[in-house]
Amino acid sequence: MKRKLSKANANATATSDKKLPSPALQSVADGNVHDDDISQHQGRVRSFPRERGIRASFVYVDYGDCDGLLELQKQWKEHLDTTTTLQLNPVKRIHLNLTKNFTIRRHNIAPFVDNLRERLAGHRRFVLEFSRAIVYMNKERTRTFVGLRVAEVSLRPLVALVGSLDECMQKYKLPLYYKDRAFHVSILWCMGNQKQAVRIQLPAIIRMFENVYEAEYCDISQTIRTLFLKCGNKSFNFELA
């Protein structure tokens with residue numbers, strides 16, 4: 001099945017510069033803090049300090065093996081590398097966040113995972129589609145991103161999932177998801193406020209997205225069967241019905 005995006009969507013993208021929420025991490029108490037070497041993170045600064053017994057975590061949909069999005073990432077980077085002086089970096093594993101990034105203590109991980117399984121058990125699989133290319137910044141305005149907005153047709157099951165996840169997060173006094181639920185995936189990023197420089201290239205970026213989306217529609221518009229929890233260096237999966 002193949003589908004072309006309408007001119008209206010493309011035009012809407014060209015004028016879109018809405019700042020999307022960034023994953024704000026829950027703060028942790030002082031103690032057993034380790035210095036972080038920003039040279040290991042391409043100049044990025046951690047939003048919270050390392051602490052023994054604390055695990056940085058988030059729940060997400062994994063697109064790391066999606067050939068269509070990887071092809072789009074390649075085309076966008078090649079184009080922006082030749083038309084701008086920006087240092088664009090590919091997102092290492094493309095994903096769609098369904099929680100804010102948060103921290104959880106090691107002894108709470110097992111009951112938290114059990115609670116997630118219970119609350120997600122009744123959710124059914126669904127097809128997730130994307131509607132348009134977007135350029136946005138994180139909350140701290142320290143990084144600029146190029147990504148894709150989730151199509152309106154896929155919002156209902158995502159909102160239902162976030163509702164169940166928020167119930168679990170609230171039980172453990174963890175941060176709830178953003179009230180402005182602008183679901184999106186990040187494809188490329190660079191340091192600093194470079195939104196205007198990237199927006200100049202939006203017409204070409206839109207064309208590439210439309211072409212790749214048409215050619216790889218069945219690969220990119222996947223049926224979401226599994227959610228993942230990244231918790232420190234561990235990963236847990238949750239199958240949808």
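Residues numbered from 1 in each chain as written. Predicted model: local features only at pLDDT ≥ 70, side-chain atom pairs only at ≥ 80, totals over all residues. Heavy atoms only, no water.

A look at the packing of aromatic side chains
Next, step 1: Applying the stated criterion across every chain yields a total of ten aromatic pairs.
Next, step 2: Consider the rings of Tyr 136 and Phe 145, whose centres lie 5.5 Å apart with planes at 10°: the pair is stacked.
Next, step 3: Summarising the aromatic geometry, the rings of Tyr 177 and Phe 183 are spaced 5.7 Å apart at their centres and angled 15° between planes, so their arrangement reads as stacked. Note on accessibility: Tyr 177 and Phe 183 belong to one class, buried.
Next, step 4: The cationic tip of Arg 143 hangs over the ring face of Trp 189; the distance from NZ or CZ to the ring centre is 5.0 Å. (Phe/Tyr/Trp six-rings, centres within 6.5 Å; stacked < 30°, edge-to-face > 60°. Buried < 20%, exposed > 50% of the residue type's maximum accessible area, 1.4 Å probe, protein only. Lys NZ or Arg CZ within 6 Å of the ring centre and 35° of its normal.)

Side note on the sheet that holds strand E10 (residues 184-191)
Sheets are built from strands paired through backbone hydrogen bonds, the pairs being either parallel or antiparallel.
Next, step 1: If you walk across this open sheet you meet the four strands as E4-E10-E9-E8, and the pairing is antiparallel. A strand with exactly one partner marks an edge of an open sheet, and here the two such strands are strand E4 (89-90) and strand E8 (130-137).
Next, step 2: Bridging between E4 and E10 involves two bridges; their strand directions are antiparallel. Counterpart to Pro 90 in the pairing with E10 is Leu 188.
Next, step 3: The strands touched by helix H6 (residues 202-215) are E8 and strand E9 (143-150); relative to E8, the strand with the most contacts, the crossing angle is about 145°. (Pairing = 2+ DSSP bridges. Helix = DSSP H or I, 4+ residues; strand = E, 2+ residues; numbered from the N terminus. Contact = heavy atoms within 4.5 Å. Axes fitted to C-alpha atoms, helices over the stretch in contact; angles between N-to-C directions.)

Focus: a negative patch on the surface
Next, step 1: Negative charge collects at one region of the surface, where Asp 67, Glu 71, Glu 78 and Glu 216 lie side by side.
Next, step 2: Mapped onto the elements of the fold, Glu 71 is located in helix H2 (residues 67-83).
Next, step 3: Owing to a relative accessible area of 31%, Glu 71 belongs among the partly exposed residues under this scheme. (Patch = residues over 30% accessible without salt bridge, like charges linked within 9 Å, V, L, I, M, F, W, Y side chains within 5 Å. Areas by Shrake-Rupley, 256 points an atom, 1.4 Å probe, with all protein chains shown as cover. Salt bridge = Lys/Arg side-chain N within 4 Å of Asp/Glu carboxyl O. Lys, Arg positive; Asp, Glu negative; His and termini not counted. Charge placed at Lys NZ, Arg CZ, Asp CG, Glu CD.)

As for helix H4 (residues 155-171)
Next, step 1: If you check H4, its first and last C-alpha atoms are 24 Å apart, about what 17 residues at 1.5 Å a residue would give, namely 24 Å.
Next, step 2: Considered for burial, the residues of H4 that qualify are Leu 158, Leu 161, Val 162, Ser 164, Leu 165, Asp 166, Cys 168 and Met 169. (Expected span 1.5 Å × (residues − 1).)

Focus: the pairing of strand E13 (residues 234-239)
Next, step 1: In this structure, strand E12 (residues 226-231) lies alongside E13, joined through six bridges in antiparallel fashion. Its bridge partner lying in E13, Cys 231 is registered against Lys 234.
Next, step 2: In this antiparallel pair of consecutive strands, E12 and E13, the connection spans two residues, and Gly 232 shows a positive phi of 65°.

Here's the deal with the environment of Ile 206
Next, step 1: Among the secondary structure elements, Ile 206 is positioned in helix H6.
Next, step 2: Residue Ile 206 is classed as buried on the basis of its relative accessible area of 7%.
Next, step 3: A C-alpha to C-alpha distance of 7.4 Å links Ile 206 and Arg 132, two positions 74 residues apart in sequence.

Considering the nonpolar core
Next, step 1: By size, the foremost hydrophobic cluster in this structure holds 60 residues, and its most contacted members are Tyr 63, Trp 76, Leu 96, Leu 98, Phe 130, Leu 227 and Leu 229.
Next, step 2: At eight residues, H6 tops the list of elements feeding residues into this core.
Next, step 3: Within the second largest apolar cluster, five residues are counted, among which are Ile 134, Tyr 136, Phe 145 and Trp 189. (Core = buried A, V, L, I, M, F, W, Y, C linked by side-chain atoms within 4.5 Å.)

Details of the packing of helix H3 (residues 109-120) against H4
Next, step 1: Between H3 and H4, the shortest axis-to-axis distance is 10 Å and the interhelical angle comes to 150°. With respect to each other, H3 and H4 are oriented roughly antiparallel. The hand of the H3/H4 crossing is right-handed. Here Phe 112, Asn 115, Leu 116, Arg 119 and Leu 120 of H3 lie close against H4, whose contacting residues are Leu 161, Ser 164, Leu 165, Glu 167, Cys 168, Met 169 and Lys 171.
Next, step 2: Considering only residue class, the contact of H3 with H4 consists of seven nonpolar, two polar and three charged. (Parallel < 35°, antiparallel > 145°, perpendicular 65-115°, else oblique. Left-handed = near helix turned anticlockwise from the far one by under 90°. Nonpolar A, V, L, I, M, F, W, Y, C, P; charged D, E, K, R; others polar.)

Thoughts on the pattern of salt bridges
Next, step 1: Tallied over the entire structure, the rule returns five salt bridges.
Next, step 2: The salt bridge partner of Arg 119 is Glu 167, with a shortest N-O separation of 2.8 Å. Placement of the pair is Arg 119 in helix H3 and Glu 167 in helix H4, with a sequence separation of 48 residues.
Next, step 3: Under the relative-accessibility criterion, Arg 119 is labelled partly exposed at 28%.
Next, step 4: When the shortest N-O distance is used, the salt bridge between Asp 166 and Arg 181 registers 3.4 Å. With Asp 166 in helix H4 and Arg 181 in the loop between H4 and E10, this residue pair connects regions lying 15 residues apart in the sequence.
Next, step 5: Linked through salt bridges whose partners overlap, the residues forming this network are Asp 62, Asp 65 and Arg 93.

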